[in-house]
Protein chains: 2
Amino acid sequence: MTDHRIGERTILFPNAPGILASAAVVGPKEGKGPFGSLFDLVVPDPLYGQESYEQAEHQIFREACLRCCQKAGIALDQVQALLGGDLLNQIMAASLAARELAVPFLGLYGACSTMAESLILGAILTDGGYASPVLCAAGSHYCTAERQYRFPLEYGGQRSMAAQWTVTGTGACLLSVSGRAMARIAGATIGQVVDMGVSDASNMGAAMAPAAADTLLRHFRDTGRAPQDYDRIITGDLGQVGSDLMRELLKEAGILLDRETHMDCGLEIFDPQDDIHAGGSGCGCSASVLAAHILPRIHRGEWKRVLFMATGALLSPTTSQQGETIPGVAHAVMIEGGA
Amino acid sequence: MTDHRIGERTILFPNAPGILASAAVVGPKEGKGPFGSLFDLVVPDPLYGQESYEQAEHQIFREACLRCCQKAGIALDQVQALLGGDLLNQIMAASLAARELAVPFLGLYGACSTMAESLILGAILTDGGYASPVLCAAGSHYCTAERQYRFPLEYGGQRSMAAQWTVTGTGACLLSVSGRAMARIAGATIGQVVDMGVSDASNMGAAMAPAAADTLLRHFRDTGRAPQDYDRIITGDLGQVGSDLMRELLKEAGILLDRETHMDCGLEIFDPQDDIHAGGSGCGCSASVLAAHILPRIHRGEWKRVLFMATGALLSPTTSQQGETIPGVAHAVMIEGGA
């Protein structure tokens, strides 16, 4: 058996699993953003014809998975596993979607790092010949996240300037070792939980930045690469506060990551004119930007090599109320062009 | 690249990853049960010296992982991934334990099927040469689960006779392709979400039974095996109601599973004299019984071949309150003897 690891924490996939197709279904606010025209479907309202925001969230999740399979020309019953999750307690959006999709389901929870986690595990399943094709997906919904993590919208709570806006949307990718791919997963660096003691649940960028810096530094050490080896190093949803912090932490470690090479999905998804404070967040943020913007750019050859690093703030209202600090985690996925 | 699947949903691991060691840390009630003397540590009280049950739950999770590594003679910094989860919102017990263990962390959520899910993904990571050794763990805590899913204990709510008792405990296994193993993972069948319309959150056995039967039937079809090919077919926590239902569903499909061959962890972990109604439940139920009872029996050669199938009820209080039915899922892991 060959060992596919290099360095301490990084995996290189010998078969470079292909991403056959990607799809993103988002809410109206996301549809008004810079990527609006790139999403596969912009639902007209956050309820999406359902009786609750939670039901809407799982229907959006389901729709993104269905459209992804359609675009890849793969029938649902050929899909050998769905790896995914969301922010709802007990990842109910993914679970209910999995029920309706009726494919083998492995539920994941990595907060906003879930899309990277699903891509890593999906790549391992396909690369090793354990399952193919595999669906990887992650989603979130502003209205359910506000109710669950902060206050019901009806409460009309004020948001701090460091607060981020949870994206309503789901991004899905179909991975396979055969077939024409829009991009390939060359490798990944699995992150560890890092907690520098931030306890402000409305400043998650600050809580996630140390984990992002840690994973990035380990990735560079393991691979011998530097920021200039990538066309883009893309974080999930550090937002303004977290992005500045991460670059500062990298700088202290001697790594200069310029604003040109670094892109944060949370800073790109909404219209800057829109009142979203520190940026977008939620599993659906990096997942939908990956599916609608990043992968198509790689497919068109505009970017040859991208490091996609979704970050997660591992907190719950209960632990926050009990005075716990916010552990962060970040996983990096090496995505390259070439069919 | 070789395809390691047989049939539609089953994987056979060419390198049969070994389980180097297992450990279980449980609460006092579990300690009084039939397996009491087999657990690595029985904590004296549910608070385990902490200020909250949630903190106790994550310390129990951490302790089980630490003891597992110690028993395997593997230093924590050699562990290349922790795959695990629990029942807390945002799997905080596993996340906080992962923070203190400081190993790469991939969070999972499969409700009470989490231990089987972690073993399957852990086996894939090690078998394929992507990471080794890997820690697989799942835990739960009666006091946190009651507060989160039902009522705080202080409320003194009455429990229905179909209700199950969430196990306080964590079970952990260390997987590796090298080293002397107490047992090996030969294969696995990944289950799909099945929902027959049960909506009674205090009768989860009934909600999970159809998923258990579905995965078992697919496993037999894929492998050409029958119940008699296994010394034991072990379900996680169907309890009395769910176990009878599953055997009934199998019978309708022409598969006779006798009470001798079928074992349900939820029916074994507590003292029958104890007032636990339909049996034990929670991620920690099958995980701790696997670690303390099942794997040692395989190691001693008393069982040659076991099918470990943990089942999960994918519900949340929110979806239940919104009138959703309870989706179930079950994953089967083929565990065999031999170092």
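Each chain carries its own residue numbering, running from 1 in the written order of its sequence. Chains and ligands are labelled sequentially in the order written, the chains with letters from A and the ligands with numbers from 1. For this predicted model, a pLDDT threshold of at least 70 governs which residues receive local features, and a threshold of 80 or more governs which side-chain atom pairs are given and counted, while totals over whole chains, interfaces and linings are taken from all residues. Processing note: side-chain calculations cover all non-hydrogen atoms of the structure and skip hydrogens and water entirely.

Caption draft 1: Geometry of the overall build of chain A. Secondary structure elements follow DSSP: runs of H or I no shorter than four residues count as helices, runs of E no shorter than two count as strands, and numbering proceeds from the N terminus. Within chain A, the regular secondary structure consists of ten helices and 15 strands. For the radius of gyration, the atom set is restricted to C-alpha positions; the globular benchmark scales as 2.2 Å times the number of residues to the power 0.38. Its C-alpha atoms give chain A a radius of gyration of 18 Å, within 12% of the compact-globule value 20 Å for 339 residues. With the C-alpha coordinates aligned to their principal axes, the bounding extent of chain A is approximately 55 × 50 × 35 Å. Exposure is judged per residue with a 1.4 Å probe applied to protein chains only, and the accessible area is read against the type maximum: over 50% gives exposed, under 20% gives buried, and values in between give partly exposed. Relative to its 339 residues, chain A shows a buried fraction of 67%. Counting only contacts in chain A whose residues sit at least 6 apart along the sequence, the fraction spanning at least 24 positions is 78%. Here, Shrake-Rupley sampling with a 1.4 Å probe gives the accessible areas, and only protein chains in the shown set may cover a residue. Only carbon and sulfur atoms are counted for the fraction: they give 49% of the accessible area of chain A, which is about 10700 Å². Only four residue types enter the tally: Lys and Arg on the positive side, Asp and Glu on the negative side, with His and both chain ends excluded. The location of each charge is read from NZ of Lys, CZ of Arg, CG of Asp or CD of Glu. Put simply, chain A has 24 plus and 36 minus side-chain charges, and the middle of one group is 6 Å from the middle of the other. In what follows, a contact means two residues having at least one pair of non-hydrogen atoms within 4.5 Å.

Caption draft 2: Main features of the pairing of strand S5 (residues 81-86) of chain B. Residues and elements named next belong to chain B. Counting buried residues along S5, six of its six residues qualify, which places the element largely inside the surrounding structure. What you see with S5 is no split at all: Ala 81, Leu 83 and Gly 85 on one side and Leu 82, Gly 84 and Asp 86 on the other are buried throughout. A strand pair is defined by DSSP finding two or more bridges across the two strands. When S5 meets strand S7 (residues 134-140), the two strands line up parallel, connected through six bridges. Pairing of Leu 82 across the sheet is with Leu 135, part of S7. By the bridge criterion, three bridges tie S5 to strand S6 (residues 105-107) in an arrangement that is parallel. Bridged to Leu 83 within S6 is Leu 106. Seen with its strands pointing away from the viewer, a crossover is right-handed when the path leading from the first strand over the helix to the second is clockwise. Each parallel crossover has a hand, and the one from S5 via helix H3 (residues 92-101) to S6 is right-handed.

Caption draft 3: Just helix H9 (residues 283-299) of chain B, in detail. Here, expected helix span is obtained from the residue count minus one, scaled by 1.5 Å. Here H9(B) contains 17 residues, and its C-alpha end-to-end distance of 23 Å stays within 8% of the 24 Å for a straight helix at 1.5 Å per residue. Buried residues dominate H9(B), accounting for 15 of its 17 residues.

Caption draft 4: Broad picture of the domain arrangement of chain A. All names here are of chain A. Note that the domain bounds reflect an automated or database-derived domain assignment. Here the domain parsing of chain A yields domain 1 (5-176) and domain 2 (186-337). Computed over C-alpha atoms only, the centres of domain 1 and domain 2 are separated by 17 Å. Counting from both sides, the interface comprises 54 residues of domain 1 and, opposite them, 58 residues of domain 2. The term buried area refers to how much accessible surface (probe radius 1.4 Å) is lost by two components on association, counted for both of them together. A combined buried area of about 4400 Å² lies between domain 1 and domain 2, and 65% of that area is made up of carbon and sulfur atoms. Salt bridges, as used here, are contacts in which a Lys or Arg side-chain nitrogen is within 4 Å of a carboxyl oxygen on Asp or Glu. Here Asp 274 makes a salt bridge to Lys 29, at a shortest N to O gap of 3.2 Å. Pairs of N or O atoms within 3.5 Å make up the polar contacts considered here, provided that, within protein, one atom can donate a hydrogen while the other can accept it, and that residues adjacent in sequence are counted only when both atoms are side-chain atoms. For the interface between domain 1 and domain 2, the tally reads 21 residue pairs in polar contact (both at pLDDT 80 or more). Those elements giving two or more residues to the side of domain 1 that touches domain 2 turn out to be strand S2 (10-12), strand S3 (18-26), helix H1 (28-31), helix H4 (114-127), strand S7 (134-140), helix H5 (142-149), strand S8 (165-166) and strand S9 (169-176). Among the elements that take part in the side of domain 1 that touches domain 2, H4 stands out by supplying six residues, more than any other. Gly falls in the polar group here, along with every residue not listed as nonpolar (Ala, Val, Leu, Ile, Met, Phe, Trp, Tyr, Cys, Pro) or charged (Asp, Glu, Lys, Arg). When its residues are assigned to classes, the side of domain 1 that touches domain 2 shows 29 nonpolar, 16 polar and nine charged.

Caption draft 5: Here's a closer look at the interface of chain B and chain A. At the interface, 65 residues of chain B touch 65 residues of chain A. In total, chain B and chain A occlude about 5100 Å² of area from one another, counting both sides; carbon and sulfur atoms represent 61% of this. Ranking the residues of chain B by area buried against chain A places Gln90(B), Arg99(B) and Tyr130(B) at the top, with a combined share of 16%. In this assembly, chain B and chain A are joined by four salt bridges. The closest approach of N and O atoms between Asp195(B) and Arg99(A), which form a salt bridge, is 2.6 Å. Seen at the junction of chain B and chain A, the total is 36 residue pairs in polar contact (both at pLDDT 80 or more). When residues of the side of chain B that touches chain A are traced back to their parent elements, those giving at least two are helix H2 (53-72), H3, S6, helix H4 (114-127), helix H5 (142-149), helix H10 (317-321) and strand S15 (328-336) of chain B. In terms of residue count, H4(B) provides more of the side of chain B that touches chain A than any other element does, six residues in total. Looking at side-chain class alone, the side of chain B that touches chain A contains 30 nonpolar, 24 polar and eleven charged residues.

Caption draft 6: How the structure looks around the packing of H4(A) against helix H9 (residues 283-299) of chain A. All names here are of chain A. Helix axes are fitted to C-alpha atoms over the stretch in contact, other axes to C-alpha atoms as well, and angles between N-to-C directions run from 0 to 180 degrees. Their axes nearest at 8 Å, the elements H4 and H9 cross at an angle of 55°. The angle between H4 and H9 falls in the class oblique. Residues Thr 114, Met 115 and Leu 119 of H4 form the contact with H9, whose own contacting residues are Cys 283, Ser 286, Ala 287 and Leu 290. Among the residues making up the contact of H4 with H9, the classes are represented as five nonpolar, two polar and no charged. Here roughly perpendicular refers to angles of 65 to 115 degrees, roughly parallel to angles under 35, roughly antiparallel to angles over 145, and oblique to all remaining angles.

Caption draft 7: Broad picture of the nonpolar core. One finds Ile294(A), Phe308(A), Ile294(B) and Phe308(B) to be the most contacted residues of the largest nonpolar core, which totals 183 residues. In this structure, Phe308(B) is in contact with Met115(B), Ala116(B), Leu119(B), Ile234(B), Ser286(B), Leu290(B), Ile294(B), His331(B), Ala332(B), Val333(B) and Ile335(B), ignoring residues within four places of it in sequence. Here, nonpolar core refers to any group of buried Ala, Val, Leu, Ile, Met, Phe, Trp, Tyr and Cys residues whose side-chain atoms link them within 4.5 Å.

Caption draft 8: Spatial organisation of the relation of the copies chain B and chain A. For these two chains of identical sequence, chain B goes onto chain A by a turn of 180° and a shift of 0.0 Å along the axis, with RMSD 0.0 Å. This pairing of chains is accounted for by a two-fold axis. In terms of C-alpha distance to the rotation axis, chain B has Leu108(B) as its closest residue, with the C-alpha 2.2 Å off the axis. Here 100% of the contact residues of chain B are again contact residues in chain A; the copies associate through an equivalent surface. Superposing the copies works by least squares over the C-alpha atoms of residues that have pLDDT at least 70 in both of them.

Caption draft 9: Structural detail: the environment of Pro34(A). Residues and elements named next belong to chain A. Relative to the assigned elements, Pro 34 resides in the loop between H1 and strand S4 (41-42). C-alpha separation for the pair Pro 34 and Glu 154, spaced 120 residues apart in sequence, amounts to 28 Å. With residues near it in sequence (within four places) discarded, Pro 34 still touches Glu 268, Ile 269, Phe 270 and Asp 271.

Caption draft 10: Just the pairing of strand S14 (residues 305-313) of chain B, in detail. All names here are of chain B. When you tally the buried positions in S14, you get eight out of nine residues, the bulk of the element. The pairing of strand S11 (residues 232-235) with S14 spans four bridges and is classified as parallel. If you follow Ile 233 over to S14, its bridge partner there is Leu 307.

Caption draft 11: Region of interest: the pattern of salt bridges. With the rule as written, the count across this model stands at 38 salt bridges over all chains. A salt bridge links Glu260(A) to Arg232(A); the shortest N-O distance between them is 3.5 Å. You can see Glu260(A) sitting in the loop between helix H7 (239-252) and strand S12 (262-264) and its partner Arg232(A) sitting in strand S11 (residues 232-235), a full 28 residues away along the chain. Within the structure, one salt-bridge network assembled from shared partners comprises Arg62(A), Arg99(A), Glu100(A), Asp195(B) and Glu324(B).

Caption draft 12: Region of the structure containing the layout of surface pockets. Cavities and pockets were defined on a 1 Å grid built over protein atoms only: a cavity is a set of grid points that admits a 1.4 Å probe from which the probe cannot escape, a pocket is an open set flanked by protein on both sides within 12 Å along at least five of seven lines, and lining residues are those with an atom within 4 Å of any such point. Grid points are joined across faces, edges and corners, and a volume is the space filled by probe spheres set on the points. By volume, the largest pocket is sized at about 420 Å³. What lines the largest pocket is a set of 19 residues, among which Asn89(A), Gln148(A), Asn89(B), Gln148(B) and Thr318(B) lie closest to the centre. Of all the elements in the fold, those that place two or more residues in the lining of the largest pocket are H5 and helix H10 (317-321) of chain A together with H5 and H10 of chain B. A class-by-class count of the residues in the lining of the largest pocket yields four nonpolar, eleven polar and four charged.

Caption draft 13: Highlighting unusual backbone geometry. Residues and elements named next belong to chain A. For the bond running from Ser 132 to Pro 133, omega is 0°, close enough to zero to count as cis. Residue position: Pro 133 is located in the loop between H4 and S7. Even without a glycine there, the phi angle at Gln 90 is positive, about 60°. The topology assignment puts Gln 90 in the loop between strand S5 (81-86) and helix H3 (92-101). Its relative accessible area of 3% is what places Gln 90 among the buried residues.

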